[in-house]
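# Overview (structure and organization)
What follows is each chain in one-letter form.
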Amino acid sequence: MKIGIPKEIKNNENRVGMTPAGVAELIKHGHDVYVQHTAGQNSGFPDEAYTAVGASILATIEEVYAVADMIVKVKEPIAPEYALVRKGQLLFTYFHFACEHELTEAMVKSGGVCLAYETVQLPDGSLPLLIPMSEVAGRMATINGAYYLQKTKGGKGKLICGVPGVKPAKVLVLGGGIVGQTAARVAAGMGANVVIADVSLPRLHELSVTMPPNVDTLYSSHHNIVSELPDTDIVIGSVLIRGDATPKLITRDMLKLMEPGTVLVDVAIDQGGCFETSHPTTHSDPVYEVDGIVHYAVANIPGAVPNTSTAALTNATMKYAVALADKGWRQACKDDAALRAGLNVVEGKITFKPVADLFGMPYTDVAEVL
């Protein structure tokens, strides 16, 4: 199979779809890999690292899309790429269709096959291709929240860890999944007082056992969240509903309950966001204020640490990319229910029900396209 790795063109997206080590594995399996010139440079992987393992370098993104049977990316295609996607071409990347109606329509129109990292799901319900970036995003959410809590950045002027004789900051984490767990652990490690909220009692029990002593668990209800907001300094929104839009856990009216300079970090912005007042931001312009509350809603947080992120992502996607290349997408998805769950759009048909329902578009059961 011919596999293409284009350079990411989303704002300040410095990751690349695959490390040279991953490319070497695909080539070992007899496949041809084409990497766009400088695609890996910002992640610390120069062209020479790819050619050293047998990849070919192409000058433009158009050439990569034109030659490839399968495109391996990090982020969803954006408008300049829509016309490059061919009928029957496989795109293996993060899509997050639920908050991108225009993208959904474009991919349906393209006739391409869209296999989304974020909906690949194992029998135990875990999301193996979302976990590595969730681990990065959770850590970065706390780091960025602490940074913007500085007065010079619009925050309250609090040091997250406090000092002897002065209380540390309070961090409220909404959602006890991988993002929330890692965000809470880092905040606790930095010395903050942390509350992590979730609707799953078994998950809260697990967190109560495994978290440090400065982390309290809380059942996530409207009343409980409202009660926590007045003395909270950083709120990290990390709720995920697989493939669907995120519920708005904090409304605009609730901002009045918080002190000016409180920082909201919306890690769920890829799926529409946890906060009613959230809208996607970029690494070049990451924050804005609403009613005196600082909002950080960068849609590709792990892109700020691309060397770590690219390596972690390749570790997770590698076995699936090899299966898709060795067998073709159709047979690979027949053989592996986890991969099959990743099929969102197939040759003009939406095969992931939450996306079809959200946009009122026709839904086709994945079995029909296999």
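First, a word on scope: everything that follows refers to the structure included in this document. This is a predicted model, so every value here is computed, not measured.

For the rest of this paragraph, the subject is the packing of helix α6 (residues 131–148) against helix α7 (residues 178–189). One can describe the packing of α6 onto α7 by two numbers: an axis separation of 7 Å at closest approach and a directional angle of 35°. Along this stretch, α6 crosses α7, giving a crossing that reads as right-handed. Counting all contacts with α6, which are made through I131, S134, E135, G138, R139 and T142, the residues of α7 involved are I178, V179, T182, A183, V186 and A187. Its residues assigned to classes, the contact of α6 with α7 comprises six nonpolar, four polar and two charged.

The next thing to look at is unusual backbone geometry. Backbone geometry at N12 places phi at a positive 55°, although glycine is not the residue there. Positionally, N12 belongs in the loop between β1 (2–5) and α1 (20–28). One non-glycine residue, E347, lies in the positive phi region at around 45°. Considering the arrangement of structural elements, one finds E347 in the loop between β14 (343–346) and β15 (349–350). Residue classification places E347 among the partly exposed positions, given a relative accessible area of 33%.

On to the pairing of strand β9 (residues 215–219), then. Relative to β9, strand β8 (residues 193–198) runs parallel, the two sharing five bridges. Residue pairing across strands places V195 opposite D216, the latter belonging to β9. With respect to chirality, the unit in which β8 leads through helix α8 (residues 201–210) into the neighbouring parallel β9 is right-handed.

Along strand β5 (residues 90–93), one buried face is formed by L90 and F92 and the opposite face, lined by L91 and T93, is buried too. By the bridge criterion, three bridges tie strand β4 (residues 70–72) to β5 in an arrangement that is parallel. Across the sheet, the residue bridging to M70 is L90, located in β5. Relative to strand β6 (residues 113–116), β5 runs parallel, the two being bridged by four bridges. Bridge pairing in β6 places T93 opposite A116.

Moving on, we come to the sheet that holds β14. Here we have eight strands laid out as an open sheet, ordered β3-β2-β1-β4-β5-β6-β14-β15, and mixed in their pairing. If you trace the sheet from one side to the other, it starts and ends with β3 (56–58) and β15, each paired once.

Inspection of the entire model under this criterion finds five aromatic pairs. Where F92 meets Y117, the ring centres are 4.7 Å apart and the plane angle is 85°; that geometry is what we call edge-to-face. Taken together, the residues span a long stretch of sequence, with F92 in strand β5 and Y117 in the loop between β6 and α6 at a distance of 25 residues. Of the two residues examined, F92 and Y117, each falls in the buried class. Judged by centre distance (4.9 Å) and plane angle (90°), the rings of Y147 and Y148 are edge-to-face.

The seven strands are arranged β9-β8-β7-β10-β11-β13-β12 in an open sheet whose pairing can be described as mixed. Every other strand in the sheet has two partners, leaving β9 and β12 (287–290) as the edge strands with one partner each. If you compare each strand with its neighbour and ignore which way they point, the axes differ by 20° on average. Here β12 runs beside strand β13 (residues 293–296); their pairing, made up of four bridges, is antiparallel. Following the sheet pairing, E289 is matched in β13 by V294. Strand contacts of α8: β8 and β9, with the helix running at about 170° to β9, the strand carrying the most contacts.

Before going further, it helps to spend a moment on the environment of I131. Mapped onto the elements, I131 comes out in helix α6. Using a relative accessible area of 27% as the deciding quantity, one classes I131 as partly exposed. In sequence terms I131 and A325 are 194 residues apart; their C-alpha atoms lie 23 Å from each other. The contact partners of I131, leaving out residues within four places of it in the chain, are S126 and I178.

Definitions and cut-offs
Residue indices begin from 1 for each chain and proceed along its sequence in written order. Only residues with pLDDT of at least 70 get local features here, since the model is predicted, and only at 80 or more are side-chain atom pairs given and counted; chain-wide, interface and lining totals rely on the full set of residues. Side-chain measures here rest on the full set of heavy atoms in the structure, leaving out hydrogens and waters. For helices, the fitted line uses only the C-alpha atoms of the stretch in contact; every axis is such a line through C-alpha atoms, and the angle between N-to-C directions lies from 0 to 180 degrees. Strands are runs of DSSP state E lasting at least two residues, helices are runs of H or I lasting at least four, and both sets are numbered from the N terminus onward. For any pair of crossing helices, the crossing counts as left-handed if the nearer helix is rotated counterclockwise from the farther one by less than a right angle, and right-handed if it is rotated clockwise. Whether two residues touch is decided by their heavy atoms; if any such pair falls within 4.5 Å, the residues are in contact. Put simply, Ala, Val, Leu, Ile, Met, Phe, Trp, Tyr, Cys and Pro go in the nonpolar bin, Asp, Glu, Lys and Arg in the charged bin, and everything else, Gly too, in the polar bin. Buried, partly exposed and exposed residues are distinguished by accessible area as a fraction of the type maximum, computed with a 1.4 Å probe on protein chains only: under 20%, between the cut-offs, and over 50%, respectively. Whether two strands pair depends on DSSP finding at least two bridges between them. Note on handedness: a clockwise path from strand one over the helix to strand two, with the strands aimed away from the viewer, defines a right-handed crossover. Each Phe, Tyr or Trp ring, with Trp reduced to its six-membered ring, pairs with another whose centre is within 6.5 Å; inter-plane angles below 30 degrees give stacked pairs, above 60 give edge-to-face pairs, and intermediate values give tilted ones.

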